[in-house]
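These are the residues of each chain, in order.
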Amino acid sequence: RLVNEEGDRVIVEYANLEISRVILERGRRKWEFYWRGVKISAPVIDDQFYDRFFAHEITIAPGDGLRAALRITQRQDPDSGIFMNRKYEVIEVLEHIPRMRQASF
């Protein structure tokens, strides 16, 4: 957890992300997720994930989730010293989690 000269630090956390909005192309455009009850925006920069997606090995539907390595850039508030999250990137998708189907009665 090194802090650079701008007061930023970068951490990687394994996170369960609920998909809110999908970007169906490679690049830096941001998907939207819910993480720990908070809406965040982050690009998915894992090429292997996109390879599997475009090969139709993964089908994404609303409410699905990703278990992923989330790179978080934090900036330290100069007054309080508290680190605040300011940027997110999904650097590796470990697992696609389909939304559980409701049991029909």
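Residues numbered from 1 in each chain as written. Predicted model: local features only at pLDDT ≥ 70, side-chain atom pairs only at ≥ 80, totals over all residues. Heavy atoms only, no water.

Let us now look at the environment of Thr 73. On the secondary structure map, Thr 73 appears in strand 4 (residues 65–76). It is 16 Å that separates the C-alpha atoms of Thr 73 and Arg 28, two residues lying 45 residues apart in sequence. In this view, Thr 73 contacts Asp 8, Arg 9, Val 10, Met 84, Asn 85, Arg 86 and Lys 87; residues no more than four positions away in its chain are not counted. (Helix = DSSP H or I, 4+ residues; strand = E, 2+ residues; numbered from the N terminus. Contact = heavy atoms within 4.5 Å.)

All right, on to the pairing of strand 1 (residues 8–21) then. For a regular strand, side-chain orientation follows a simple rule: the groups alternate between the two sheet faces. Direction of pairing for strand 1 relative to strand 4: antiparallel, over a ladder of eleven bridges. Note on strand 4: the bridge partner recorded for Leu 17 is Leu 66. Sheet topology places strand 1 next to strand 2 (residues 31–35); three bridges connect them, and they run antiparallel. In the sheet register, Arg 21 faces strand 2, and the bridge partner there is Glu 32. (Pairing = 2+ DSSP bridges.)

On average, residues of the protein chain score 90 in pLDDT, and 94% of them are at 70 or above. Between the elements of the protein chain, mean pLDDT differs from a low of 94, seen in helix 1 (residues 47–54), to a high of 97, seen in strand 3 (residues 38–42). (pLDDT = per-residue confidence, 0-100.)

Counting across every chain of the model gives eleven salt bridges. For the salt bridge of Arg 26 with Asp 51, the shortest nitrogen-to-oxygen distance reads 2.5 Å. A residue pair is termed long-range when its members are at least 10 positions apart, and Arg 26 in the loop between strand 1 and strand 2 and Asp 51 in helix 1 qualify at 25 residues. A residue is classified by how much of its surface remains accessible, and Arg 26, at 38% relative accessible area, is partly exposed. (Salt bridge = Lys/Arg side-chain N within 4 Å of Asp/Glu carboxyl O. Buried < 20%, exposed > 50% of the residue type's maximum accessible area, 1.4 Å probe, protein only.)

Right, let's talk about helix 1 for a bit. Within helix 1, the full set of buried residues consists of Phe 49, Tyr 50 and Phe 53. One face of helix 1 carries all of its buried residues, which in axial projection span an arc of 95°. Among the structural elements, strand 2, strand 4 and strand 5 (83–97) are those in contact with the buried residues of helix 1. For helix 1, the N-terminal capping position is held by Asp 46, with its side-chain oxygen 3.0 Å away from the main-chain nitrogen of Gln 48. Once helix 1 ends, the next one or two residues include His 56, with phi positive near 65°. (Arc of directions from axis to C-beta. Polar contact = N/O pair within 3.5 Å; in protein donor to acceptor, adjacent residues only side chain to side chain.)

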